[in-house]
Amino acid sequence: LGLITLLSPYRLLLPTVKEDTWPTTGATKMPLRVVASALVFLTSVEMSKARLGSPSNSEDAMPQQWSQSVNETLSRQLSEGDVRAMSMHGFNYYASTTVYGDTPMSACGSLNTAELVRGTEYYAVASAQAMQSVYEPSTGGCSWECHDMWGQLVDQCHYEHPEGSLLHSKPIQGCWCKQVGACWCGKASPQAGMNSGTAPMGCFQCGRGHFLKRHPYELHMMDGHELVGQEIKVVVADACPYGPNSQWCPGQVGDGNALGVQNHLDFATAPPFPEEEFKNNFFVFTPEPCSLELQQRMLGAAQKCPANTWPQDDDNDQPSSNDEGAR
């Protein structure tokens, strides 16, 4: 089972099927319908095995291939929402990820992403436009313009890909988009939150999270919900506008990307993976306040942004200990 992520093409110069909010608890619970579906399916498999009857078709004769086939078929019976619900591990949000590398001048007040996190436990990221969708006109705003292959204006681009992998994803009707505006100093919308599935992660906001084994190029892996590595902390130091990143970075609260995921984090700081092992693994996370040290480092950049860009106490969407999903 697992999650979803994406490979990022080249990012912008400056610097979606909707899912319901998935239930999370401290100890992740498998939805009842998933358990029921799995039991019915496996029971039917056992019955079909009994009907085969021949010694050459016995379980011992082909355990590995048969088991792999059963696992792949079972994973296809689960909805994407079920897969993610089993992958949350007590965190609040699910995201796809990519890597673009450090920048000396980000869209969050010209932060140098490498210097910002140097010597700390944080990883600098750019969050999708949907996660920081409020932009002041005084800073140039942030929108997009999309066209189909015939040059007609369309609201958004939609993508298609083979079942189980994003590898050969392509825009429908040759759609393409471009960025309009500076996309400078983005702030999270009041509509972002657990009800929409879009995390409120604008400039200068932080979170903690964990990578999953699942990645966009093997969506049906049975153990994709397993955690990989250690918990890490992230800080939003840049933006990932929808226009030049329409495949990966949703533009509006509640929208999904080519994988149907509402959140996307583009890592400036390389993720804690051997380079050959990172496959844009999915990431589960919860917003939280930044450390005092990091806040001090960001103050200079924040002064280059409108005053309301700096996160308020209620911008982190942190559940109380009594809320479902609190860890």
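Residues numbered from 1 in each chain as written. Predicted model: local features only at pLDDT ≥ 70, side-chain atom pairs only at ≥ 80, totals over all residues. Heavy atoms only, no water.

1. Quick look at the sheet that holds strand 7 (residues 176-180)
Inference 1: Sheet architecture is open: 3 strands sit in the order 4-3-7, paired in antiparallel fashion. Every other strand in the sheet has two partners, leaving strand 4 (153-154) and strand 7 as the edge strands with one partner each.
Inference 2: Bridge count between strand 3 (residues 143-147) and strand 4: 2 bridges; the pairing is antiparallel. Paired with His147 across the bridge in strand 4 is Leu153. (Pairing = 2+ DSSP bridges. Helix = DSSP H or I, 4+ residues; strand = E, 2+ residues; numbered from the N terminus.)

2. So, the state of the cysteines
Inference 1: In the structure shown here, the tally under the stated rule is 7 disulfides.
Inference 2: With its sulfur 2.0 Å from that of its partner, Cys185 forms a disulfide with Cys305. On the S-S bond that ties Cys185 to Cys305, the torsion sits near -70°, and the link is left-handed. One end of the pair, Cys185, is in the loop between strand 7 and strand 8 (206-212); the other, Cys305, is in the segment after helix 5 (292-302), and 120 residues separate them in sequence. (Disulfide = S-S within 2.5 Å.)

3. Quick notes on the side chain of His147
Inference 1: Here His147 is to be found in strand 3.
Inference 2: On the basis of relative accessibility, which here comes to 11%, the residue His147 falls in the buried class.
Inference 3: A polar side-chain atom of His147 sits 3.2 Å from the main-chain carbonyl oxygen of Gly151. (Buried < 20%, exposed > 50% of the residue type's maximum accessible area, 1.4 Å probe, protein only. Polar contact = N/O pair within 3.5 Å; in protein donor to acceptor, adjacent residues only side chain to side chain.)

4. Quick look at the confidence of the model for the protein chain
Inference 1: Confidence in the prediction of the protein chain, expressed as mean pLDDT, is 80, and 71% of residues score 70 or more.
Inference 2: Overall, residues 1-62 carries pLDDT values under 50, and its contacts beyond four positions in sequence, including any with other chains, amount to 162 contacts.
Inference 3: Residue range residues 318-327 is modelled with pLDDT below 50. Its contacts to residues more than four positions away, or to other chains, number 22 contacts. (pLDDT = per-residue confidence, 0-100. Contact = heavy atoms within 4.5 Å.)

5. Let's talk about helix 5
Quick reminder: α-helices carry 3.6 residues per turn. Residues three or four places apart thus point the same way.
Inference 1: For helix 5, the set of buried residues is Leu294, Met298, Ala301 and Ala302. Seen from one end, helix 5 has its buried residues packed into an arc of 85°, which puts them on one side. Of the exposed residues in helix 5, the ones pointing more than 90 degrees away from its buried face are Leu292 and Gln296.
Inference 2: Contact partners of the buried residues in helix 5: helix 4 (113-117), strand 2 (122-128), strand 8 and strand 9 (227-240). (Arc of directions from axis to C-beta.)

6. With respect to the packing of aromatic side chains
Inference 1: All chains considered together, the criterion is met by 11 aromatic pairs.
Inference 2: Ring centres of Phe204 and Trp310 lie 5.6 Å apart, and the angle between their planes is 35°; on these two criteria the pair is classed as tilted. In this pair, Phe204 sits in the loop between strand 7 and strand 8 while Trp310 sits in the segment after helix 5, placing the two residues 106 residues apart along the sequence.
Inference 3: Of the residues examined, Phe204 reaches a relative accessible area of 2% and is grouped as buried.
Inference 4: Chaining the aromatic ring pairs together yields one cluster made of Tyr93, Phe211, Phe267, Phe273, Phe278, Phe283 and Phe285. (Phe/Tyr/Trp six-rings, centres within 6.5 Å; stacked < 30°, edge-to-face > 60°.)

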